[in-house]
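# Understanding the architecture of this molecule
Take a look at the letters that make up each chain.
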Amino acid sequence: MRTQVAIIGAGPSGLLLGQLLHKHGIDNVILEARTGDYVLGRVRAGVVEKGTADLLAEAGAGDRLKREGLVHDGAEISFSGERHRIDFRELTGKAVVVYGQTEITRDLMDGRKATGGKTIYEAADVSLHDFDGNNPKVRYRKDGVEHEVACDFIAGCDGYHGISRRSVPSSSIKTFERVYPFGWMGLLSETPPVSHELIYIHHTRGFALCSMRSPTRSRYYVQCDAGDMTENWSDQRFWDELKARLDQKGRDELVTGPSIEKTIAPLRSFVAEPMRFGRLFLAGDAAHIVPPTGAKGLNLAASDIHYLSKALAEHYTEKSSAGIDGYSTRALARVWKAERFSWWMTGLLHKFPDTGEFGEKMQLAELEYLVSSKSAATALAENYVGLPY
Ligand code: RFL
Ligand code: PHB
């Protein structure tokens, strides 16, 4: 088989890239290790920046988000038992949309089906070859048969655990990493959200987050130990812990119910530099990870794809390599700013095992400053709604 761009991974990065390339008339094939249902079953991001929503619309996958997405003009921060609202709209003129990653993935998959794009699910043992020359190839096995895809470029959109980044010789790549000593225990339930906006909670027992997927479906998280397992978290234990971290009003208004899904996510900051190696590009979680506190992972994946799709379109339609040559530098400039914001939000709101009472006093002083200074609140709001591309 031959294609112009071989895309590894059918997560949001790979699917979005596939649809944007299709719009520019660039032929592409997506190779995904898992089944479509498995990819759709992963409950992850919920907060979408305006830039991401615009890009989905450009890819022809933005109608439902526009209809069903919940526009949030602000969010609340709770500490010392009180909630404080940060008004994004007033401070920045912008808002975010709450719309689940599963729905984004579904919309992109439907779009791909409608445009006849080729996705090979359950592609086993994907391997990348010759991307340092002019004729890269990707090999994989499907139903026991070996296949080869010859292409002009490879887009590594296969997430943190994927093969693309690991195919680069270690002497050509530098990685930066911080692993946090805790995780997030997340629970999805068919219950109305405790508040109509998100609540980020700083508490002596640890961080918690109240989010949602719709007016009848809630997504909650509580900070848990790094090596913790969902088996240790009965629904009852989860609700009790969330209640203990909520303010009195939240405790009174929280509606609990059986969980539909529970997962524990470890927290990590990670960046690989550069993001281009000859004819291989990395994008999304394959190149960088942020802790979810700033709601930036999916949005960063989208901005990478914005730069990459433009670069490839320039290459094919204008015969210019400027976009391709500048991809890594442009993408990384935005990545590092989102890394900083996510690291800062994580440090501000979580309980750290090693910083003691002094560390907690510093967090409270910064939180009080944040909710009393318009400049400090604006800095948070600007980053949360998304820095410009
Ligand atoms: P993905 O979604 O990991 O998709 C990669 C795909 O590649 C496939 N794959 C392979 N395919 C072929 N061959 C191989 N060898 C392969 N290895 C892997 C995988 O099966 C998969 O289908 O990466 P992508 O597309 O870059 O998308 C990134 C986002 O999924 C991620 O950044 C976000 O989910 C992060 N995130 C959030 N981001 C936000 O912008 N806003 C949020 O509110 C938000 N909340 C979150 C989050 C992530 C979380 N977890 C669980 C890590 C909340 C949580 C709890
Ligand atoms: C979510 O709804 O899953 C969500 C929202 C905000 C975050 C992280 C996750 O910061």
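First, a word on what this report is: a plain description of the structure on this page. All values derive from a computational prediction rather than experimental measurement.

Rules behind the numbers
- Residues numbered from 1 in each chain as written.
- Chains lettered and ligands numbered in written order.
- Predicted model: local features only at pLDDT ≥ 70, side-chain atom pairs only at ≥ 80, totals over all residues.
- Heavy atoms only, no water.
- Helix = DSSP H or I, 4+ residues; strand = E, 2+ residues; numbered from the N terminus.
- Buried < 20%, exposed > 50% of the residue type's maximum accessible area, 1.4 Å probe, protein only.
- Contact = heavy atoms within 4.5 Å.
- Areas by Shrake-Rupley, 256 points an atom, 1.4 Å probe, with all protein chains shown as cover.
- Near = heavy atom within 4 Å.
- Polar contact = N/O pair within 3.5 Å; in protein donor to acceptor, adjacent residues only side chain to side chain.
- Nonpolar A, V, L, I, M, F, W, Y, C, P; charged D, E, K, R; others polar.

## Regarding the overall build of the protein chain
Across its full length, the protein chain carries twelve helices and 20 strands. A principal-axis box enclosing the C-alpha atoms of the protein chain has dimensions of 60 × 40 × 40 Å. Residue burial in the protein chain is summarised as follows: out of 389 residues, 56% are buried. Put simply, of all contacts in the protein chain between residues at least 6 apart along the chain, 71% involve residues at least 24 apart. Carbon and sulfur atoms make up 51% of the accessible area of the protein chain, which totals about 16700 Å².

## Re the site of ligand 1
Inspection of the region around ligand 1 gives 32 residues, with Ser13, Glu32, Gln101, Asp285 and Leu298 positioned closest. A distance of 2.9 Å separates an oxygen atom of ligand 1 from a polar atom in the side chain of Arg44. Contact between ligand 1 and Gly297: a nitrogen atom at 3.2 Å from a main-chain N or O atom of the residue. Coverage of ligand 1 by the protein chains reaches 87% of its 1000 Å² of free accessible surface. With three residues, the top contributor of residues to the shell around ligand 1 is helix H9 (residues 297–318). The class makeup of the residues in the shell around ligand 1 is 15 nonpolar, ten polar and seven charged.

## Things to note about unusual backbone geometry
A cis geometry characterises the amide bond from Glu273 onward to Pro274, with omega recorded as -10°. Within the secondary structure, Pro274 is located in the loop between strand S17 (259–273) and strand S18 (276–277). The backbone of Glu122 shows a phi angle near 55°, a positive value even though the residue is not glycine. Locating Glu122 in the fold gives a position in the loop between strand S8 (118–120) and strand S9 (124–129). When its relative accessible area of 46% is taken as the criterion, Glu122 is described as partly exposed. Although it is not a glycine, Ala295 adopts a positive phi angle of roughly 55°.

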